[in-house]
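Examining the three-dimensional arrangement
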Amino acid sequence: MEPGDSNSAAGGKTQSASAPPVEGVAGGGTSYGWVDGGLRGTSLGAGVIDHTKVHSEDLLHVWSMPSTANVSQQEAPRPLEKVNLLAARNERESFQIALRPKVSWSTSGIAGSVQIQCTDLCSSSGDRLVVDQSITLRRVVPILGVPDALVPIDPLSPQISLYPGETAAVWVSLNVPCGQPPGLYEGEIFITAVKTELDSRTESLPKSERYRLYRELRSCLDITEPRDYSSPEEMVQRLTSASTTLRRMLDNPALQDCQESNGFGDMMDEDVMNNVSVRLKLSLTVWDFTLPVTPSLPAVFGISETVIEDRFCLEHGTEGWYDALDHHFRWLLQFRISPFFCRWGDSMRILAYTCPWPADHPKANEYYSDPRLAAYAVPYAPILSCTDAAKNSLRREVEILKSKPHWSKAYFYLWDEPLNVEQYDMICNISNELRSYSPDVRILTTYYCGPSGSELAPSTFEAFVKVPNVLRPHTQIFCTSEWVLGTREDLVKDIVAELRPDLGEEWWTYVCMGPSDPQPNWHLGMRGTQHRAVMWRVWKEGGTGFLYWGTNCYEKAMIPSAEICFRRGLPPGDGVLFYPGEVFSSSHEPVASTRLERILSGMQDIEYLKLYSSRYGREEGLALLEKTGMYLGPDRYTLDHGPVDVMRGEVYRSCRS
């Protein structure tokens, strides 16, 4: 959205009223704000409404909201205004369309259905951003009553159902390719009230005809069921019979309109859209800057291999297992994060690895060389089996990888939050082994306290700060919990002062169960800017990397479509950033959460701030955060979206000159 436009359709003004909290869910309100009155109602009377003769704006409210808004079912309507967006190349920018019925036009128990269609975005020079390639639409589905899951809308049947007295939302994402010419791109989104599928079926086919079609489909299924054929002739005969039945069904008069439009009979024609659709104008300014393919900040996120094995009924090491891990890895790369797979052992030992295949496998170099990967975990195999064979395999793995150009991205993640002297000693022993294979190995250790049983320092925090003195030279990436810092940014200086950058030591951070509201985290029910601010905090505090423990760590289930249950004892949403597609449809594609999309936005914000700082210095970058009011500290950041656009617009204006 263009900064400075106080009436921006997806921006909105700062609201003085606070939204109510979600009961039983950590964090703040779930609404971006409340607007009462001022909108034209409907004068339609009671009775069945013919939607083809009534303009859709008389049937439903339509307005836009920013990607940081949690559009609750109680969200109040706002005026519909043009959406103006700004994006770099290789960036994804998103906003939401909110929909709320004024009346019901369906006879099937819901308020009605709407069809949502988007045109390509075109520039004056003829360049395009194409629908279904660069423009995607997803339905926002509540999880525990909080809008979170982003379920893809079928482009061949882009309809969603609306319910009386409830606001629904559609998440619109614009993906700008690396080679997209800069300029102003414009298009429209058409929202049209249509018949529900049930209404359409009821009106178009009598009951006897529906039963006949059902019997014929059932017959086809029976004919083609797997079986042992007595002869090839029998197989051909059965398939021919099924083909004949299907062709007869396609010739049914009720499907005639589908034949004439090559199967796209439900799509609205241009005249209908112009006459009865609500039209949302959309513009995107693509500016002459490309976000780096390799993220400037390594953000490593865990994927539980055991959750995948259980839910998809996969045996470890089988072809299906490799396919599932490969699919999850490639899907997560689009969010500018560097995935690693993980399996926990006793006392928080962890087997972490980025590539399921050994280093000498052709797939391994493909994984490790992917420019979208900012860092990768090398598996410490002896953690599972401390045999000579396992150690020899590890030595061979390191020898191969250290000869590659991507070795600088490698790290070992051996232990999650060690607690006592014994565990610290084990990290040091493993480190000695690894350093005998290659002196420049990097070991990452997460921690939130000093080792118990030691006389490291007189206070708990001082012991925490002194951890590098215990783990040096056995850890190079000291990854500390943001929970420990609370809201005191001044403590960062004490932590960083203990590090030795001259020895290659880095400071990373992580969030998990904490910190909690009002600090930034990714719990379900927190504000959208609270989710996005996790990365703002990382950049402001000067961290050089980030870790998140799990993206798919829901409760155990044995079928893909099982209901998602968050783990007991954890804040809702903790450790879960996407959902199996099978929970919502027949699709096998993972379903992103709004929180995962906001992580991507936060990672992109870091690139904007880095660009600005590279030109004017880091102090000016920090001043920009403060001047715009976007982020001042862990408990002082914007609750509204406006300052985000102001920051991005300032970078745009200052860096194009």
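Residues numbered from 1 in each chain as written. Predicted model: local features only at pLDDT ≥ 70, side-chain atom pairs only at ≥ 80, totals over all residues. Heavy atoms only, no water.

An unreviewed UniProt entry annotates the protein as Glycoside hydrolase 123 catalytic domain-containing protein originating from Panicum virgatum.

**Topic: the pattern of salt bridges**
According to the stated counting rule, one finds 27 salt bridges in the structure shown. Arg-648 serves as the salt-bridge partner of Glu-91, at 2.7 Å between the closest nitrogen and oxygen. With Glu-91 in strand E3 (residues 91-101) and Arg-648 in helix H18 (residues 642-655), this residue pair connects regions lying 557 residues apart in the sequence. In this pair, the class of Glu-91 matches that of Arg-648, namely buried. (Salt bridge = Lys/Arg side-chain N within 4 Å of Asp/Glu carboxyl O. Helix = DSSP H or I, 4+ residues; strand = E, 2+ residues; numbered from the N terminus. Buried < 20%, exposed > 50% of the residue type's maximum accessible area, 1.4 Å probe, protein only.)

**Remarks on the packing of aromatic side chains**
Scanning all chains against the criterion turns up 27 aromatic pairs. Geometrically, the ring pair formed by Tyr-631 and Tyr-637 is stacked, given 6.5 Å between the ring centres and 15° between the ring planes. Grouping aromatic residues by their ring pairs yields a cluster made of Trp-321, Tyr-322, Phe-329, Trp-357 and Tyr-367. Lying over the aromatic face of Trp-539, Arg-618 brings its terminal NZ or CZ to 4.6 Å of the ring centre. (Phe/Tyr/Trp six-rings, centres within 6.5 Å; stacked < 30°, edge-to-face > 60°. Lys NZ or Arg CZ within 6 Å of the ring centre and 35° of its normal.)

**So, helix H15 (residues 528-541)**
Between its first and last C-alpha, H15 extends 21 Å over 14 residues, near the 20 Å set by a 1.5 Å rise per residue. Remark: the principal bend of H15, roughly 35°, maps to Val-534. With respect to burial, H15 is a largely interior element, 13 of its 14 residues being buried. (Expected span 1.5 Å × (residues − 1). Bend = angle between axes of the 7 residues up to and from the residue.)

**Considerations on the pairing of strand E20 (residues 506-511)**
For E20, the buried fraction is high: six of the six residues fall into the buried class. Covered by surrounding structure in E20 are Glu-506, Trp-508 and Tyr-510 together with Trp-507, Thr-509 and Val-511, the residues of both alternating faces. Looking at chain direction, strand E19 (residues 477-481) and E20 are connected through five bridges and run parallel. Bridging from a neighbouring strand, Phe-478 pairs with Trp-507 of E20. Pairing of E20 with strand E21 (residues 546-548) involves three bridges; the strand directions are parallel. Counted as the bridge partner of Tyr-510 is Leu-547 from E21. The parallel pair E20 and E21, bridged by H15, forms a crossover whose chirality is right-handed. (Pairing = 2+ DSSP bridges. Right-handed = clockwise from strand over helix to strand, strands pointing away.)

**Description of the pairing of strand E8 (residues 146-152)**
The element E8 is extensively covered by neighbouring structure, given that six of its seven residues are classed as buried. With six bridges connecting them, strand E7 (residues 135-143) and E8 associate as antiparallel partners. Within E8, the position partnered with Val-140 by the bridge is Leu-150. Between E7 and E8, which follow one another and run antiparallel, lie two residues, and Leu-144 among them has a positive phi close to 55°.

**Some details on the packing of H15 against helix H16 (residues 594-616)**
Close contact between H15 and H16 brings their axes to 8 Å; oriented N to C, the two are set at 40°. Handedness of the H15/H16 crossing: right-handed. On the side of H15, the interface is formed by Gly-528, His-531, Arg-532, Met-535, Trp-536 and Trp-539, while H16 contributes Arg-595, Arg-598, Ile-599, Ser-601, Gly-602, Met-603, Asp-605, Ile-606, Leu-609, Lys-610 and Ser-613. Within the contact of H15 with H16, the residues separate by chemical class into seven nonpolar, five polar and five charged. (Axes fitted to C-alpha atoms, helices over the stretch in contact; angles between N-to-C directions. Left-handed = near helix turned anticlockwise from the far one by under 90°. Contact = heavy atoms within 4.5 Å. Nonpolar A, V, L, I, M, F, W, Y, C, P; charged D, E, K, R; others polar.)

**Some words on helix H9 (residues 388-401)**
The first and last C-alpha atoms of H9 sit 20 Å apart over 14 residues, in line with the 20 Å expected at 1.5 Å per residue. Along H9, the positions that sit buried rather than exposed are Ala-390, Leu-394, Glu-397, Val-398, Ile-400 and Leu-401. In a view along the axis of H9, the buried residues occupy a sector of 165°, so they form one face of it. Opposite its buried face, H9 presents the exposed residues Asp-388 and Ala-389, each directed more than 90 degrees away. For H9, the secondary structure elements touched by its buried residues are helix H8 (362-368), strand E16 (376-377), strand E17 (410-416) and helix H10 (421-437). (Arc of directions from axis to C-beta.)

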